[in-house]
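Inside the fold
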Amino acid sequence: MKRLLPLLLPACLFGLAACGEPTPHEPRLVVLGIDGLDPDFVREGVAAGRLPNFARLIESGTLADLQTSWPPQSPVAWTNFITGCNPGKHGLYDFIHADRHDYGVANSMSVTDPEGLVLRMFGYRLPLTGGETRLNRSRPAFWEVLDEAGVPAMVYRMPANFPVAETGAVTFPDMGTPDLSGASSGKAFLWSADPARSEKDADFYAIRRVELDDATPGLAFTPAYVLGPVNTLVDVDHLLERAEELRRSGDTAGAVRLETEAHRAQTTRMPLTFYVDTGGDRPRLAVHAGDPEDFTDGWGLAELGGWTDWIPVSFEMIAGLMDVSGWQRFYFKSWQPFEVYGTPVQIDPFDPVMPISTPDDAAAELAEAIGPYYTQGFPDAYIAYKSDLLGTGDFISQSDTVLAERRRMMDHAFDQFADRGGLLFFYVGTLDLRCHMLWHAQDPEHPHQEPDAVEYRDQIRRVYAQVDQLVGHALERLQQWPDAELVVMSDHGFAPFRRKMHVNDWLVQEGYLVLKDGAPTTGSILGPDSIVDWSRSRAYCVGFNGVILNRAGREPQGIVGDEEAPALIAEIVGKLERLEDDGVRVFRRVLPASEVFTGERLAEAPDIQLGFAVGYGASDECATGQITGEGVIVDNDSRWSGSHLMDPEVVRGTLLTSRPHELAKDPALEDVTATIFARFGVPLPEGIDGRPLF
């Protein structure tokens, strides 16, 4: 049953190699990857006495600033580390790539092939060929190289590694791994009786209005439901084809009506019932998932301001024959007005509908050891907080649950490491997301300010202290192997993000991006409803750190020839380097891609790389191909207030080792990869950019 999920979500199945009996392997190396760990914050915390375990490491080992990737974005940086290569060789340049086939957007981390043969029967459509999702990364991962050399490797929660590829190593993916709905960062839920909230169904969250029935004294309850994955097995092609015909004929209302009917036909949901006991000193919530007449299972309990345990949920795909299962937690956010937050529905690790580990059964083994867990990437609820489904305290509470879960996961990883030896990599992303979302609380100069900022101004210091405790726990576990070494590393550092640039608005202003005659001055540059006249446009922006030329032979309606591209690049680079915001330079460096990257995939890179100065960055609207009409550079009045999407030199990462080493060079992410190979005596793969550091 679960093997049909490629029909439901963009993922492919793999035959995974079975693990034999482990044989302990020497030497032992543990790499703790802490996303966003900033070397200056570490030094400041150590000097203030807040980070005793980092202090122990610095005293006994080596601390260095670590060169991050260009651009310093997590999927790019971690892939540099995964492969030991620059993006010109591995192919990831941003969180978001431009789709060069149709002026669209594409996932930078994975590629989905078109469907092939489809079997239709009884109102369902069953794709038989095609539809496979695979990694966009084109160089081998370090654990694949180690495995082929006979070195055991365990990689827990590696970013930019979904879908998981076949390997003999034990691996779990993180960033890029979807929830059960297919949302890459998860789709959260808020059920609210607050009259100020409206219902909304966005890509990454849903708000549903509920009304309490308080007929029973001391007890109030309300029916609700949670949305599941889009059931693409239900055949709605005839509705969509007819809708397209109506749209071409000018009947937009008729097309929308049929598209809505198709959407409803493929929507899955599971009933929920919320019970609130108001008879005690503090309201208490009971959540029941499933048939409201069947009370046998699916229960969770929470006090006001608290979380339920994980609750099983399931969604029917083929009536009487197939359903998919998941897990969800609920947070009793408020009683008056009544509000309950629900996490994204997690893929069931006991019975995953797609591979979420290698070997396939490693996910269930982990769940049996620590219980159900967040299987999605980026589990900290940053989008829910950014979208105001959660307050600051609520976000911190949820993020704390993620970090506590990672500690239990780390213990399981060390238990496995005891038997296997070799390499253990373990990733923690909580610090990164809290720095993104809570920078405004500690930064009085930031445009986004909230009334309770003083209450949360020390939260970034707090999460550094929490991570310090995690480092201390790793050091304790390592004591049983005197020859083992610990390496702590991060993909980048952090800086304030106070002013944002609408790059596409600037390109319009400068005449590089030309709107259609009579088109509105705001809207999308992408897709069939684009407001751009591509026959007169020479450059555009999709993503956070690049400008793309509208090249002939590469873009669908490209007009910039190879002979004129260098001069155009130089012209745009010169203008951007001189761009100022009230006398302050917006960019530290702007470079042609050919000066940043090397390799066989250089042609896929955005032609111009944007190295923003501290305090500046591209807007979300720009990254998704929007023209806003707000101006070129405006205040960043958002909870997403810290960033690292700047010039790599101003947001270097951290490298810290438990033993003293003389570094052979200024360390870069790719060098850490080469150093791992050297540690185990494995020859460097051909074409790797990194070099051993010790």
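Structure: above.
This write-up is about the structure you can find in this document. (Residues numbered from 1 in each chain as written. Predicted model: local features only at pLDDT ≥ 70, side-chain atom pairs only at ≥ 80, totals over all residues. Heavy atoms only, no water.)

What follows deals with the overall build of the protein. Assigned secondary structure in the protein consists of 16 helices and 38 strands. Computed over its C-alpha atoms, the radius of gyration of the protein comes to 26 Å, within 12% of the 26 Å expected for a compact globule of 694 residues. Overall, the protein is about 70 × 70 × 55 Å in size when its C-alpha atoms are taken along their principal axes. Per-residue burial over the protein gives 60% buried out of 694 residues. By element, 50% of the accessible surface of the protein is carried by carbon and sulfur atoms, the whole surface being about 26,800 Å². (Helix = DSSP H or I, 4+ residues; strand = E, 2+ residues; numbered from the N terminus. Rg over C-alpha atoms; globule rule 2.2 N^0.38 Å. Buried < 20%, exposed > 50% of the residue type's maximum accessible area, 1.4 Å probe, protein only. Areas by Shrake-Rupley, 256 points an atom, 1.4 Å probe, with all protein chains shown as cover.)

For the rest of this paragraph, the subject is the packing of aromatic side chains. Scanning all chains against the criterion turns up 37 aromatic pairs. On the basis of an interplanar angle of 55° and a centroid distance of 5.9 Å, the ring pair of phenylalanine 274 and phenylalanine 338 is categorised as tilted. Taken together, the positions of phenylalanine 274 in strand β16 (residues 269-277) and phenylalanine 338 in the loop between β21 (330-334) and β22 (339-342) put the pair 64 residues apart, joining distant regions of the chain. As far as the burial class goes, phenylalanine 274 and phenylalanine 338 line up, both buried. Feature note: the residues Phe189, Trp191, Phe274, Phe330, Phe332, Trp335 and Phe338 constitute an aromatic cluster, connected by ring pairs. Against the face of tryptophan 310 rests arginine 329, its NZ or CZ located 5.9 Å from the ring centre. (Phe/Tyr/Trp six-rings, centres within 6.5 Å; stacked < 30°, edge-to-face > 60°. Lys NZ or Arg CZ within 6 Å of the ring centre and 35° of its normal.)

With that settled, consider the side chain of histidine 446. Looking at where histidine 446 falls in the secondary structure, it is placed in the loop between α11 (430-442) and α12 (459-478). Using a relative accessible area of 3% as the deciding quantity, one classes histidine 446 as buried. Polar side-chain contacts of histidine 446 include one of 3.0 Å to the backbone nitrogen of histidine 448. Among all residues touching histidine 446, those that are not within four sequence positions of it are His440, Phe497, Arg498, Asn636, Ser638 and Ser641. (Polar contact = N/O pair within 3.5 Å; in protein donor to acceptor, adjacent residues only side chain to side chain. Contact = heavy atoms within 4.5 Å.)

For the rest of this paragraph, the subject is the pairing of strand β33 (residues 608-612). Burial of β33 is extensive: five of the five residues sit out of reach of the surface. What you see with β33 is no split at all: Ile608, Leu610 and Phe612 on one side and Gln609 and Gly611 on the other are buried throughout. With two bridges connecting them, strand β29 (residues 546-549) and β33 associate as antiparallel partners. Of the residues in β33, the one forming a bridge with glycine 546 is glutamine 609. Bridge count between strand β32 (residues 587-592) and β33: five bridges; the pairing is antiparallel. (Pairing = 2+ DSSP bridges.)

A separate point is the packing of helix α3 (residues 74-83) against helix α16 (residues 669-679). At a minimum axis distance of 7 Å, the contact between α3 and α16 shows a crossing angle of 25°. Here α16 runs roughly parallel to α3, going by the angle between their axes. In the packing of α3 onto α16, the handedness of the crossing is right-handed. Touching Ala77, Asn80, Phe81, Ile82 and Thr83 of α3 are Leu669, Glu670, Val672, Thr673 and Ile676, all from α16. Grouping the constituent residues of the contact of α3 with α16 by class yields six nonpolar, three polar and one charged. (Axes fitted to C-alpha atoms, helices over the stretch in contact; angles between N-to-C directions. Parallel < 35°, antiparallel > 145°, perpendicular 65-115°, else oblique. Left-handed = near helix turned anticlockwise from the far one by under 90°. Nonpolar A, V, L, I, M, F, W, Y, C, P; charged D, E, K, R; others polar.)

On inspection of all chains with the given rule, the structure shows 48 salt bridges. In this structure, the salt-bridge partner of arginine 679 is glutamate 485, at a minimum N-O distance of 3.6 Å. Residue arginine 679 is found in helix α16, and its partner glutamate 485 is found in strand β25 (residues 485-489); the two are separated by 194 residues along the sequence. Given the relative accessible area of 23%, arginine 679 is considered partly exposed. Judged by relative accessible area, which is 2%, glutamate 485 ranks as buried. Shared partners join several salt bridges into a network, and the residues in it are Arg100, Arg551, Arg554, Glu555, Asp562 and Asp607. (Salt bridge = Lys/Arg side-chain N within 4 Å of Asp/Glu carboxyl O.)

Let's shift gears to α11. With 13 residues, α11 extends 17 Å from end C-alpha to end C-alpha; this agrees with the ideal 18 Å at 1.5 Å per step. At histidine 436, α11 shows its largest kink, close to 45°. When you tally the buried positions in α11, you get twelve out of 13 residues, the bulk of the element. Here α11 has its buried residues at Thr430, Leu431, Asp432, Leu433, Arg434, Cys435, His436, Met437, Leu438, Trp439, His440 and Ala441. (Expected span 1.5 Å × (residues − 1). Bend = angle between axes of the 7 residues up to and from the residue.)

Further remarks concern α3. Where burial is concerned, most of α3 is hidden: ten out of the ten residues are buried. All of the buried residues along α3 are Ser74, Pro75, Val76, Ala77, Trp78, Thr79, Asn80, Phe81, Ile82 and Thr83. At the exit of α3 stands glycine 84, carrying a positive phi of roughly 75°.

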